[in-house]
Each structure stands twice: as structure tokens, then as C-alpha cells.
Amino acid sequence: MLKINNYEFEIKFSEINFRQRNYNGKSYITVNITTEFFPSLVKQNIVYGSVDIKIDLDGIHGIDELVSKSFKGDIGTINISVNNDGIWETNAIEDFTIQFLEREGRNLSFEIQGKDFIYNGSSRMVSLFTTSTSKEELGKKFNLKDFYEQSIEREIGKSIITKYFVK
């Protein structure tokens, strides 16, 4: 269930991608939940759009460590983009709570609450990408047991971006 300003919307699709990065000697995981919702009639207007949620976490070393944990406050951003009868509107929420509930295979369920925003749902986990220099270095910071051995590497500028896909 996705509720924005007390109006409920049906989910079109939702996916989770992870990003691992190192900053000041610490490993951070960004959980990125991307969701699109179907059109709905709201106050005589057709409304549809997307929600992009980014949560930055430290001290997380694997997907299973998210399960049954709550995070609150200034942990990231919820960006809401809505097409309201042909006019795009955007809103950002920076103070919210997320609780990861359970994992079933590639799906991770959660509850998110912020000002005029409630999202109780489940998303399919897709990938992890990083600019860490090697698989061995990444493996020390984040458990890769949930990902295929084979990865995709791309060089962009001076960085090599490696992308792993969830099994």
C-alpha cells in the first residue's frame, strides 16, 4: 500500500538496488527503492508517478542484516514525482522512518512513514554496484553470498564501476 497525502495508489512496479561506497575509512550501503504507481482519480484529476527512496546506512555488511531493523531520522531522501493532470510536481521528504520486515528470496518487505507518506510493501532486489577496487576488498565490507559470481564492469573516467546481480 502506497499512501501520499491520504490518497492510496496501486503499485505498478518496485525494485531495490544497493550501492556500496567507502568514505573516510567507513563502508556505506545505500538502499535505493524505486517505485512507480498507476494512475488514479484524485479530486477530479488523474494522478500517477514515481517514488525514489535512498537510504544511506553504515555498519551493514549484508542483505540479511537489514531484516527486522528500523532506521529513523535524516537517513536519506524520499523523492516523490507526481503527474497531476498533466503537470509534474515534486516533493522531497528527508525525515522518515523505515523498518525492513522480512526477506523472501529476492523480495524484501518494508514499512516507510514520513510526513503525508506511508508505504507498506515489498520490492524485488536487483543489484549491487560499487567502485571498490576489487572483489576481495568488497567482500570484506559486504557479504556477496546473495549475488552471482559474474559481474559487469564499466570504466567511467578514472573509476571502474562493478555491478553484481542478486541470485
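Look above for the structure.
Throughout, a residue's number is its position along its own chain's written sequence, starting from 1. Two thresholds apply to this predicted model, a pLDDT of at least 70 for residue-level local features and 80 or more for giving and counting side-chain atom pairs, whereas whole-chain, interface and lining totals are computed over all residues. As a convention, hydrogens and water are excluded, and side-chain values are obtained from all of the structure's heavy atoms.

### With respect to the pairing of strand E8 (residues 87-93)
Right, on to step 1. Should DSSP find at least two bridges between two strands, the strands are taken to pair. Starting at the N terminus, helices and strands are each numbered in turn, a helix being any DSSP run of H or I of at least four residues and a strand any DSSP run of E of at least two. Examined bridge by bridge, strand E7 (residues 76-84) and E8 share 7 bridges and lie antiparallel to one another. Following the sheet pairing, Ile80 is matched in E8 by Asn91.
Right, on to step 2. Counting the residues between successive antiparallel strands, the hairpin from E7 to E8 contains 2 residues, one of them, Asp85, with a positive phi of roughly 55°.

### Considerations on the nonpolar core
Right, on to step 1. The criterion is simple. A nonpolar core is a set of buried Ala, Val, Leu, Ile, Met, Phe, Trp, Tyr and Cys residues joined through side-chain atoms within 4.5 Å. Each residue gets one of three labels from its accessible area relative to the maximum for its type: buried under 20%, exposed over 50%, partly exposed in between, using a 1.4 Å probe on protein chains only. Membership of the largest hydrophobic core comes to 40 residues, with the highest contact counts inside it found for Val31, Ile55, Ile112 and Phe117.
Right, on to step 2. Residues count as neighbours in contact if any of their non-hydrogen atoms are within 4.5 Å of one another. When near neighbours in sequence (up to four residues on either side) are disregarded, Ile55 contacts Ile29, Thr30, Val31, Ile33, Ile75, Gly76, Phe96, Ile98 and Phe100.

### Quick look at a nonpolar patch on the surface
Right, on to step 1. Residues Leu41, Ile46, Tyr48 and Trp88 make up a contiguous nonpolar surface patch of roughly 420 Å² in combined accessible area.
Right, on to step 2. Note that Tyr48 resides in strand E5 (residues 45-58).
Right, on to step 3. Residue class for Tyr48 comes out partly exposed when judged on its relative accessible area of 33%. Patches draw on residues past 30% relative accessible area with no salt bridge. Two like charges within 9 Å are joined, as are two nonpolar side chains (Val, Leu, Ile, Met, Phe, Trp, Tyr) within 5 Å. The Shrake-Rupley method, run with a 1.4 Å probe, gives the accessible areas here. Residue values count only the displayed protein chains as cover. Whenever Lys or Arg places a side-chain nitrogen within 4 Å of a carboxyl oxygen from Asp or Glu, that contact is recorded as a salt bridge.

### Considerations on unusual backbone geometry
Right, on to step 1. The backbone phi angle of Asn24 is positive, close to 50°, even though this residue is not glycine.
Right, on to step 2. Among the secondary structure elements, Asn24 is positioned in the loop between strand E3 (11-23) and strand E4 (26-42).
Right, on to step 3. For Lys43, which is not a glycine, the phi torsion comes out positive at approximately 50°.
Right, on to step 4. Along the chain, Lys43 falls in the loop between E4 and E5.
Right, on to step 5. According to the relative accessible area criterion, Lys43 is exposed, its value standing at 66%.

### Remarks on the pattern of salt bridges
A side chain of one charge can pair with a side chain of the opposite charge if their charged atoms are brought near each other.
Right, on to step 1. Per the counting criterion, the structure on display carries 9 salt bridges.
Right, on to step 2. Where Asp146 meets Arg103, a salt bridge forms, and the shortest distance between an N and an O atom there is 3.1 Å. Residue Asp146 is found in the loop between helix H1 (135-141) and strand E12 (147-156), and its partner Arg103 is found in strand E9 (residues 96-104); the two are separated by 43 residues along the sequence.
Right, on to step 3. Here Arg103 falls in the partly exposed class, since its relative accessible area comes to 23%.
Right, on to step 4. One network of salt bridges, with partners in common, ties together Asp64, Arg103, Lys145 and Asp146.

### Observations regarding the side chain of Ser14
Right, on to step 1. Looking at the secondary structure, you find Ser14 in strand E3.
Right, on to step 2. Pairs of N or O atoms are called polar contacts if they sit within 3.5 Å, as long as, within protein, a hydrogen donor faces a hydrogen acceptor (for residues adjacent in sequence, only side-chain-to-side-chain pairs). Within the local environment of Ser14, its side chain forms a polar contact with the side chain of Thr35, the two groups lying 2.9 Å apart.
Right, on to step 3. A distance of 3.2 Å separates the side chain of Ser14 from the side chain of Tyr119, its partner in a polar contact.
Right, on to step 4. With residues near it in sequence (within four places) discarded, Ser14 still touches Ile33, Thr34, Thr35, Tyr119, Ser122, Ser123 and Arg124.

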